[in-house]
Amino acid sequence: MNKLLITLLFSFFSSTVFCQQKIITGKITNTKNAPVPFANIALVNTADNKTVKGSVTDSLGNFSIIVKTSGVYKLQITNSGFDQYTSAAVVIDSATSTINIPVITLHEKFETNKAVVVQAKKKFIEIQADKTVLNVENSIVAVGNSAFELIKKAPAVTVDKDDNLKLKGSVATIYVDGKPFYLSGEQLTQYLKNLQADAISKIEIIGNPSSKYDAAGLTGIINIKLKKNKQYGTNGSYTLGSGYGRYPKVNSSVSLNHRNKNINIFSDGFIGYSNSFNKLTYNSIVENNGILTCQDRDNYWHPKTVWNSFKIGADFNVSKKTIIGFLIKGNGEHEKTVTDNNTIFSNQNRQLLNSIVTVKNYDEKTNSISYNVNLKTTIDSLGSELSFDADYVTFKRTAEDYNYNNFKDANNNSYRNPYTFRNASPADIFIKTAKADFTKVYNTAFKIEAGAKASDVENKNYLQVDSLNSSNAWIKDNNRTNTFIYTERIFAGYFNFTKDWKKISLQMGVRVENTDYTGNSITLNQVKDSSYTNLFPSAFLTYKQNEKNTWNISYSRRINRPSYQSLNPFINFVDPYTQFEGNPNLKPSFTQSFEIKHSYNDFLHSTLSYSYTKAQSTNVILQDKATGRVRNITANVGNSSYIGLNISASVQPYKWWNIDNNISFSGGNSKSTYPEFEFNQNFFGVDIGTENAFTLPEKIKIQTSAYYSAPYRDGITRVRASYIVSAGVQKSLWNNKASIKINFNNIIGPSAYRARYLSDNLNIKWINQWEGKRVSLSFNYKFGNTNVKASRQRNSASQDEKNRVNL
């Protein structure tokens, strides 16, 4: 005690005289409240994770540490026979003289008969103010799993029959290291299944994005943060995969990363080939003045696609506090498709009247490349920082299709000349964006964030339609040929603050966005322009009731801007009786979302969601009763409300058997006031999923999954039930540096969307089948120094704009 008293007096005198030194005092005991003498104490600066001071407890378990500089620190305490202890953040500022740490209790280590130490772990699932976090790094669940398998375990995340990851009933936006990923659909799913979980630090589930994020998008965000380790050197990984359903598929990826003291160079590449199909059976009954006509269409879509992507970048440490980075990303796709369509017209007695046989050959190439420069500087030791990002992105498409139509009567004879036409539809998109973000941390309990962003988009679309005349000469169709140029400028700014108390955390913010756009149909001499400004507030409140119960409530307002292509007035014909067209009058829709989450004992998680959308947009089907022709156009139809409850639970009956269960209930109301497409419909749906993982000797793992979606209604659509059962086997090799996996998808269940469209004007039976049943094989190998730090995490400025490109 005398030693402690002398130390305190000396520290007080020093801090008074020199106004620099601070003192941290405390006491360490064991679980029986007895003092722990001679425990080692390290004072670690959280800014660089380096030890700045050390100390040892005295015979009574007391300690004191003198600190000369302000900052955010943590205490790491070790002693033989006890688990290591790491304290919460300790903030020392200019006003601090003495900090008394509450009594620290060390827990004795327990050893099994194999001398394996069982240590305390960070919770795998953690609810924070504005997101739910899966702490993957150092978790046992990371062993032998892929990113896709881990995300499925997250609360409120569901997986549909097509392996789409969904939040609140809609397909989620996938981010990697804070920026939306550049792949989608099957390509995105393959990437997530190839990305090994031991390369991931954490996964963030953001149901209601805060004001810091772009306000666009009605779905939630799943952000995958890649692992950052501690050593320098070179590492990488290679993945090879293949699959077969009705047709073959193959994909391959490689990533490389090199880091030393001053520079980090990173790159990855991905290439794949897919041969697939989609079969649409479309049966429509058209009533005109009491006369019924039946249209029965069989459409077989057979695409062969090659895609590739790459990324290369570098980060330079220009000083201890400042990093500047450069990044180039690109992706391309070449698709060749043959579509065979047979449309049969018959009377109400199903007597054949005539038919149209259509063949469409489609050839499309798309590619994009983006250039990014970014800077990040740390302002103080508390974690305050300033960052800047600028992007220039180009998208280019070349597309041409040839359409051959033959017309047959009931006797299979031609009743009119064949009709052949071709479409050339190139497009060019240019995106320029810049943003700045500022974070000021006052202490561990309070911080503010502010930022601004500007974007400029120019979208040029061209369509030339030619028809083949009786002399086999191509004649330009001036009624359908068009040039459409869309320009858009968005200016945005946001402000957030976060305040933490002992059990409560509050975050509030607001974002303002001004949008100015012009759509110019040059050939038609039609110009549509508009300007609007909107506020997007957000609020998050978390209450940690106790060690087992955590509650969270959140609110946000979002906007869903139309994709650039949906504003394009061009018309695309499937056959002479079916067309799809854009809508230059399409307006954005706005959604207000509320969410309540509860977590019990890191085992049972529930999420209650509610949202209300104004001016929702959907595909409108309009059928001409006299001719039977069908127009499909995206339009703002009315308002809708959604309520959902998701419950997930993870159980482990035995050490070698894990079960993840999920059930979602959804309901609401959807209205349409669009002429000839009116409805006012309530809906209700249930989705159930379960996954079993069995860990066997010799590093073998077996997984089974089952999914069921009950019948539901969506507007005028009545959707039948769907269900699938899948299974997979994985074997880890070479000290977990490699793995091989085989999956059997959709072993049981229909690979089809089965629905009925019923209204006063429509009576359509729709069955869409695809290549769901397939087997896939993948191999992954990691090489080099597996402790190399990953590339720096950053948010690119142009991600929202790139998400709206739909070439």
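Bear in mind that the values here come from a model prediction, so they are computed numbers and not experimental data.

Participant: I'd like a description of the overall build of the chain, backed by residues and values.
Facilitator: Assigned secondary structure in the chain consists of four helices and 49 strands. A burial count over the chain gives 49% of its 807 residues as buried. Considering only contacts in the chain between residues 6 or more positions apart, those separated by 24 or more positions represent 65%. Accessible surface, the chain: about 38,600 Å² in total, of which carbon and sulfur atoms supply 55%.

Participant: So what's going on with the packing of aromatic side chains? Residues and values would help.
Facilitator: The description of two aromatic rings rests on the distance between their centres and on the angle between their planes. Tallying each qualifying case throughout the model produces 26 aromatic pairs. Taken together through their ring pairs, the aromatic side chains of Y654, W656, W657 and F694 make up a single cluster. One cation-aromatic arrangement involves R246 over F277; the distance from NZ or CZ to the ring centre is 4.0 Å. The ring of Y282 has R297 lying over it, and the distance from NZ or CZ to the ring centre is 4.6 Å.

Participant: I'd like a rundown of the sheet that holds strand β14 (residues 170-171), residues and numbers included.
Facilitator: Pairing is antiparallel in the open sheet, where three strands are placed in the order β12-β13-β14. Each end of this open sheet is capped by a strand with a single partner; those strands are β12 (157-159) and β14.

Participant: Please set out the pattern of salt bridges residue by residue, giving values where relevant.
Facilitator: Evaluated as defined, the whole model comprises 18 salt bridges. Across the pair E385 and K376 runs a salt bridge, and its minimum N-O distance is 3.4 Å. Salt-bridge contacts for R422 lead to D466; the nearest nitrogen and oxygen are separated by 3.0 Å. With R422 in strand β27 (residues 419-424) and D466 in strand β29 (residues 446-468), this residue pair connects regions lying 44 residues apart in the sequence. Through salt bridges with shared partners, a single ionic network connects D214, K453, R511, E513 and R561.

Participant: Quick rundown of unusual backbone geometry? Include the residues and the values.
Facilitator: Among all residues except glycine, the phi angle is most often negative; among peptide bonds, the trans geometry is most common. At E698, a residue that is not glycine, the phi angle is positive and equals roughly 65 degrees. With respect to the element layout, E698 can be found in the loop between β41 (679-696) and β42 (700-709). Residue class for E698 comes out exposed when judged on its relative accessible area of 61%. A positive phi angle, near 55 degrees, is found at K699, a position not held by glycine. By secondary structure assignment, the location of K699 is in the loop between β41 and β42.

Participant: If you had to explain a positive patch on the surface to someone new, which residues and values would you point to?
Facilitator: A cluster of basic side chains, namely R718, R720, R756 and K765, defines a positive patch on the protein surface. Note on placement: K765 falls in strand β48 (residues 763-770). Under the relative-accessibility criterion, K765 is labelled partly exposed at 38%.

Participant: Lay out the side chain of K741 in plain terms, naming residues and giving numbers.
Facilitator: Here K741 lies in strand β46 (residues 738-748). Among the polar contacts listed, one links the side chain of K741 to the side chain of Q730, at a separation of 3.1 Å. With sequence-adjacent residues up to four places away left out, K741 is seen in contact with S146, E149, V729, Q730, S776, L777 and S778.

Participant: Explain the environment of K440 residue by residue, including any values.
Facilitator: Residue placement: K440 occurs in strand β28 (residues 427-443). Counting along the chain gives 58 residues from K440 to L382, while the straight-line C-alpha distance between them is 8.5 Å. Here K440 is in contact with D380, S384, K447 and I448, once residues within four sequence places are set aside. Within the structure, K440 has its side chain in polar contact with the side chain of D380 (distance 3.3 Å).

Participant: Give me the lowdown on the environment of F540, citing residues and values where you can.
Facilitator: Relative to the helices and strands, F540 is located in strand β33 (residues 526-544). The class of F540 is buried, set by a relative accessible area of 2%. Discounting residues that sit within four places of it in the chain, F540 has contacts with A129, D130, N208, P209, S210, S505, L506, Q507, I553 and S554.

Participant: Lay out the pairing of strand β39 (residues 630-654) with the relevant residues and their values.
Facilitator: In terms of strand pairing, strand β36 (residues 578-581) meets β39 through four bridges, oriented parallel. Residue pairing across strands places F580 opposite N632, the latter belonging to β39. Pairing of strand β38 (residues 604-623) with β39, which is carried by 18 bridges, proceeds in the antiparallel orientation. Each bridged residue has a counterpart across the sheet, and for S606 the counterpart in β39 is I647.

Participant: Can you lay out a nonpolar patch on the surface for me, pointing to particular residues and giving the numbers?
Facilitator: A surface patch of nonpolar side chains, about 1,100 Å² in accessible area, is lined by W501, I504, L541, Y543, W551, I553, F594, I596, L608, Y610, I643 and L645. Elements with a minimum of two residues in the nonpolar patch: β33, β34 (549-560), β37 (589-600), β38 and β39. Among the secondary structure elements, I596 is positioned in strand β37. Classification of I596 by relative accessible area gives partly exposed; the value is 38%.

Participant: For the environment of T234, give the residues involved together with the corresponding values.
Facilitator: Relative to the helices and strands, T234 resides in strand β19 (residues 233-244). Taking the relative accessible area as the measure of exposure, T234 reaches 41% and is therefore partly exposed. In the structure, T234 is positioned 22 residues away from L256 in sequence and 7.4 Å away in space, judged by C-alpha atoms. Within the local environment of T234, its side chain forms a polar contact with the side chain of H258, the two groups lying 2.6 Å apart.

Participant: Provide a residue-level description of the nonpolar core, including the pertinent values.
Facilitator: Counting 28 residues, the largest nonpolar core has L165, L192, I203 and I222 as the members making the most contacts within it. Ranked by residue count, the leading element in this core is helix α2 (residues 147-151), at four residues. Setting aside residues no more than four positions away along its own chain, I203 makes contact with T132, V133, L134, V136, L150, I151, I222 and N223. If you look at the next biggest cluster of nonpolar residues, it comprises 20 residues, including V393, V457, Y517 and F570.

Participant: An account of a negative patch on the surface is needed here, citing residue identities and associated values.
Facilitator: Together, D624, E676, E678 and D760 make up a region of like negative charge exposed at the surface. Here E676 lies in the loop between β40 (657-672) and β41.

Participant: Tell me about the confidence of the model for the chain, and name the residues and values.
Facilitator: Model confidence for the chain is summarised by a mean pLDDT of 84, while 89% of its residues fall at 70 or above. Within the model, the stretch residues 1-19 combines pLDDT values under 50 with 15 contacts to residues more than four positions away or in other chains. Within the model, pLDDT remains below 50 along residues 110-121, and this stretch shows 10 contacts once partners closer than five positions in the same chain are excluded.

Participant: Hey, could you go over the pairing of strand β17 (residues 200-206) for me, with residue numbers and the actual values?
Facilitator: Among the seven residues in β17, six count as buried, and that is most of the element. Note: strand β11 (residues 132-135) against β17, four bridges, orientation antiparallel. Within the sheet, the bridge partner assigned to N135 lies in β17 and is K202. Of the pairings in the sheet, the one linking β17 to strand β18 (residues 221-226) comprises six bridges and is antiparallel in character.

Thresholds, definitions, all that
- Position labels on residues start from 1 in each chain and follow its written sequence.
- The predicted nature of this model means local features are confined to residues of pLDDT at least 70 and side-chain atom pairs, given and counted, to a pLDDT of 80 or more, with totals for whole chains, interfaces and linings taken over all residues.
- With hydrogens and water excluded, all non-hydrogen atoms of the structure serve as input to the side-chain values.
- Put simply, DSSP marks the helices as runs of H or I at least four residues long and the strands as runs of E at least two long, and each gets a number from the N terminus on.
- Exposure is judged per residue with a 1.4 Å probe applied to protein chains only, and the accessible area is read against the type maximum: over 50% gives exposed, under 20% gives buried, and values in between give partly exposed.
- The contact criterion used throughout is that any non-hydrogen atoms of two residues lie within 4.5 Å.
- In short, Shrake-Rupley with a 1.4 Å probe defines the accessible areas, and a residue's cover is counted only from the protein chains shown.
- Here a pair means two rings of Phe, Tyr or Trp (six-membered ring of Trp) with centres within 6.5 Å. Their orientation is stacked below 30 degrees between planes, edge-to-face above 60, and tilted elsewhere.
- Counted as over-ring charges are cases with an Arg CZ or a Lys NZ within 6 Å of the ring centre that also lie within 35 degrees of the ring normal.
- In this description, strands pair whenever DSSP reports at least two bridges between them.
- Here, a salt bridge means any side-chain nitrogen of Lys or Arg that lies within 4 Å of a carboxyl oxygen of Asp or Glu.
- Nonpolar side chains (Val, Leu, Ile, Met, Phe, Trp, Tyr) within 5 Å and like charges within 9 Å form the patches, drawn only from residues with over 30% relative accessible area and no salt bridge.
- Positive charges come from Lys and Arg alone, negative charges from Asp and Glu alone, with His and the N- and C-terminal ends not counted.
- Charge positions come from single atoms, namely NZ of Lys, CZ of Arg, CG of Asp or CD of Glu.
- Under this definition, polar contacts are N or O atom pairs within 3.5 Å; protein pairs additionally need one hydrogen-donor-capable and one acceptor-capable atom, and for neighbouring residues in sequence, both atoms have to be side-chain atoms.
- Remark: nonpolar core denotes a set of buried residues (Ala, Val, Leu, Ile, Met, Phe, Trp, Tyr, Cys) joined through side-chain atoms within 4.5 Å.
- The quantity called pLDDT is the predictor's confidence in a given residue, expressed from 0 to 100.

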